[in-house]
Amino acid sequence: MAKNKEKKKVKHKDIKTKHKKTIKGRLHALGHWIFYVTMKFFGHQGAYLLLWPVVGSYVIFSRRIHRLTQIYLKKRFPNKKCYWFDTFKLVHSFSQVLVDRAWLGLNPNAHFKGKLEGLQQLEKLLGQGKGLIILTAHVGIWQVAFSNLPDLNVPVNVLMHYEEENAAKHYFDLRKQKCPFHIIRNDGFMGGLVEASIALSRGEIVTIMADRYVHGPYAKVKFLGYETRVPIGAYMLAAITSTPVIVLLTAKTGKINYLVKIWDVFQPKYKDKRNKEQEMQKYAQKFINALEEYLKIYPYQWYNFYDFWNQ
Amino acid sequence: MKLDLNELKQKLKEIIVRDLKLIDITPEEIDDNAPLFGEGLGLDSLDAVELVVIIQKNFGVQIIDMEEGRKAFESIETLAKFILDRQKEDQNS
């Protein structure tokens, strides 16, 4: 009897959640539709204008937004007492990136102006024929910038998880363009690392998001004064295959301008495999230091809206 | 010196134990058909990357395609057969 009651309760809860999800889903779809219609009739600029009241309402009425953004803002700006304006700037900047992506997706002829700092260095590293690992993070306008990298005459592979893969495919489907990079899924065979190492042995580029930790080996690093965990698979891959690593981060620098810049270059190595976590820690810290330098200049282009220090 | 299948399997086991620094197992204890990853030998994804490099360095065989890599990495048996096949192909070409 008790079991039956419990089952009914669970079922009722499921239906309620499903209903909520449907309403939430419909509201999301409505929001997207309004933005697409605005873009169609008023262009890129029109959608940017619409962002002001939308982001403003979120910041005024959503407690959740403040909870999620303040985890980062309190560490980045420890001396401030009020973070409302910073929250607005952070959410507004993220929303602009979403609009940009949608705008480029809807207009195959639209282009952003990109600048790559360190092209010669990039070409020199690729000239060694050892392949290259590009480490990046969820900052700036990375989707747009990476799909517009200059022709380096080397195939580019991106190690990413399923949702990001879908987003990338969706973006290029909308633009009716062939995806300029090959996607290696990190939930595939051996986390995609074997496929990545094969690509490196052919002298190709492998791009990896090195900020978010999900599972596997990790290192503890100091980021904005607090300890957090970051994945070390990328550094191990580089050490095993003797591949150089660059930290390449992108930033939105204007309405239709972006910057792609090399922030650090290094070659991970290890002496004792059994101490790989300890030995890779210094490389993980180097990556995080580069990220800190980036955030000194672009503090509102940090798009990890969760407790990064408890990942 | 060209190795036959059994010699190659033995050599692979020795190299894996030595280069992957496996401490709880000897080459003799490795079953030819046991899975290399997960429940079998217990290797992880980074060991798999090392294995790609080890095979290239010791046997001159490069894994260039993910599908052939996936099949080759099933066990010592499949890995040894893969290496022999590729060496034969290289000799013939």
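Being a predicted model, the structure only gives us computed values, none of them experimental. (Residues numbered from 1 in each chain as written. Chains lettered and ligands numbered in written order. Predicted model: local features only at pLDDT ≥ 70, side-chain atom pairs only at ≥ 80, totals over all residues.)

(A) The overall build of chain A, seen in detail. When you go through chain A residue by residue, the secondary structure sums to nine helices and nine strands. Out of the 311 residues in chain A, the part that is buried amounts to 31%. Here the analysis covers contacts within chain A between residues at least 6 apart in sequence; of these, 72% occur between residues at least 24 apart. (Helix = DSSP H or I, 4+ residues; strand = E, 2+ residues; numbered from the N terminus. Buried ≥ 20, exposed ≤ 12 C-beta atoms within 10 Å, placed from the backbone. Contact = placed C-beta atoms within 7 Å.)

(B) Spotlight on the confidence of the model for chain B. Looking at chain B as a whole, the pLDDT averages 89, with 99% of positions reaching at least 70. At the level of individual helices and strands, chain B shows its lowest average pLDDT in helix α3 (residues 66-72) of chain B, which scores 84, and its highest in helix α1 (residues 5-19) of chain B, which scores 94. (pLDDT = per-residue confidence, 0-100.)

(C) The interface of chain A and chain B, seen in detail. At the junction of the two partners, chain A supplies 17 residues and chain B supplies 15 residues. The set of elements that each furnish at least two residues to the side of chain A that touches chain B consists of α7 (193-201) and α8 (233-241) of chain A. Considering each element in turn, the side of chain A that touches chain B owes the most residues, six residues, to α7 of chain A. Considered class by class, the residues forming the side of chain A that touches chain B number eight nonpolar, five polar and four charged. (Nonpolar A, V, L, I, M, F, W, Y, C, P; charged D, E, K, R; others polar.)

(D) Here's a closer look at the domain arrangement of chain A. Residues and elements named next belong to chain A. Structurally, chain A comprises domain 1 (2-106) and domain 2 (113-310). In this assembly, 17 residues from domain 1 lie in contact with 20 residues from domain 2. Elements with a contribution of two residues or more to the side of domain 1 that touches domain 2: α2 (63-76) and α3 (84-106). In terms of residue count, the dominant contributor to the side of domain 1 that touches domain 2 is α3 (11 residues). Each residue belonging to the side of domain 1 that touches domain 2 can be placed in one class, and the counts come to eight nonpolar, four polar and five charged. (Domains from an automatic or database assignment.)

(E) Layout of the environment of Lys80 of chain A. All names here are of chain A. Counting through the fold element by element, Lys80 comes out in the loop between α2 and α3. Residue classification places Lys80 among the exposed positions, given that 11 C-beta atoms sit within 10 Å. Spatially, the C-alpha atom of Lys80 lies 28 Å from that of Leu49, the residues being 31 residues apart in sequence.

(F) Seen up close, helix α9 (residues 276-297) of chain A. Under the 1.5 Å per step criterion, the end-to-end length of α9 of chain A is 32 Å for 22 residues, consistent within 8% with the ideal 32 Å. Within α9 of chain A, the full set of buried residues consists of Glu279, Met280, Tyr283, Ala284, Lys286, Phe287, Ile288, Ala290, Leu291, Tyr294 and Leu295 of chain A. (Expected span 1.5 Å × (residues − 1).)

(G) A look at the pairing of strand β2 (residues 132-136) of chain A. Residues and elements named next belong to chain A. Along β2, five of the five residues are buried, which leaves the element largely enclosed by surrounding structure. Neither face of β2 is exposed, since Leu132, Ile134 and Thr136 on one face and Ile133 and Leu135 on the opposite face are all buried. Of the pairings in the sheet, the one linking β2 to strand β5 (residues 205-209) comprises five bridges and is parallel in character. Its bridge partner lying in β5, Thr136 is registered against Met209. With three bridges joining them, β2 and strand β8 (residues 245-254) adopt parallel strand pairing. Across the sheet, the residue bridging to Ile133 is Val245, located in β8. (Pairing = 2+ DSSP bridges.)

(H) The nonpolar core, seen in detail. Judged by nonpolar contacts, the single largest core of 91 residues is most densely connected at Ile133, Leu135, Tyr235, Leu237, Ala284 and Phe287 of chain A. Composition of this core by domain shows at least three residues from each of domain 1 (2-106) and domain 2 (113-310) of chain A. (Core = buried A, V, L, I, M, F, W, Y, C linked by C-beta atoms within 7 Å.)

(I) Just the sheet that holds β8 of chain A, in detail. Residue and element names in this part refer to chain A. Reading across the sheet, the seven strands line up as β1-β9-β8-β2-β5-β3-β4 and stay open at both edges, with mixed pairing between neighbours. Either end of the sheet is taken by a strand with one partner, and the two such strands are β1 (113-117) and β4 (182-185). Going across the sheet, the axis of each strand differs from the next one's by a mean of 25°, ignoring polarity. Relative to the sheet, helix α4 (residues 119-127) contacts β1, β2, β8 and β9 (257-266), its axis offset from that of β9 by approximately 50°. Seen against the sheet, α8 touches β2, β5 and β8 and runs at an angle of roughly 165° to β2. (Axes fitted to C-alpha atoms, helices over the stretch in contact; angles between N-to-C directions.)

(J) A look at the packing of α7 of chain A against α8 of chain A. All names here are of chain A. Closest axis-to-axis distance for the α7/α8 pair is 11 Å, and the angle between their directions is 40°. The angle between α7 and α8 falls in the class oblique. By crossing handedness, the relation of α7 to α8 is classed as right-handed. The residues of α8 that touch α7, namely those facing Leu193, Ala196, Ser197, Leu200 and Ser201, are Gly233, Leu237 and Thr241. Here the contact of α7 with α8 is composed, by residue class, of four nonpolar, four polar and no charged. (Parallel < 35°, antiparallel > 145°, perpendicular 65-115°, else oblique. Left-handed = near helix turned anticlockwise from the far one by under 90°.)

(K) A look at the pairing of strand β7 (residues 226-231) of chain A. All names here are of chain A. Alignment of strand β6 (residues 218-223) against β7, held across six bridges, turns out to be antiparallel. Along β7, the bridge assignment pairs Lys220 with Arg229. Connecting β6 to the next strand, β7, in antiparallel fashion are two residues, including Leu224 with a positive phi near 55°.

(L) Summary view of the confidence of the model for chain A. On average, residues of chain A carry a pLDDT of 86, and 86% of them reach 70 or more. When mean pLDDT is taken per element in chain A, β7 of chain A scores highest with 96 and helix α6 (residues 162-174) of chain A scores lowest with 61.

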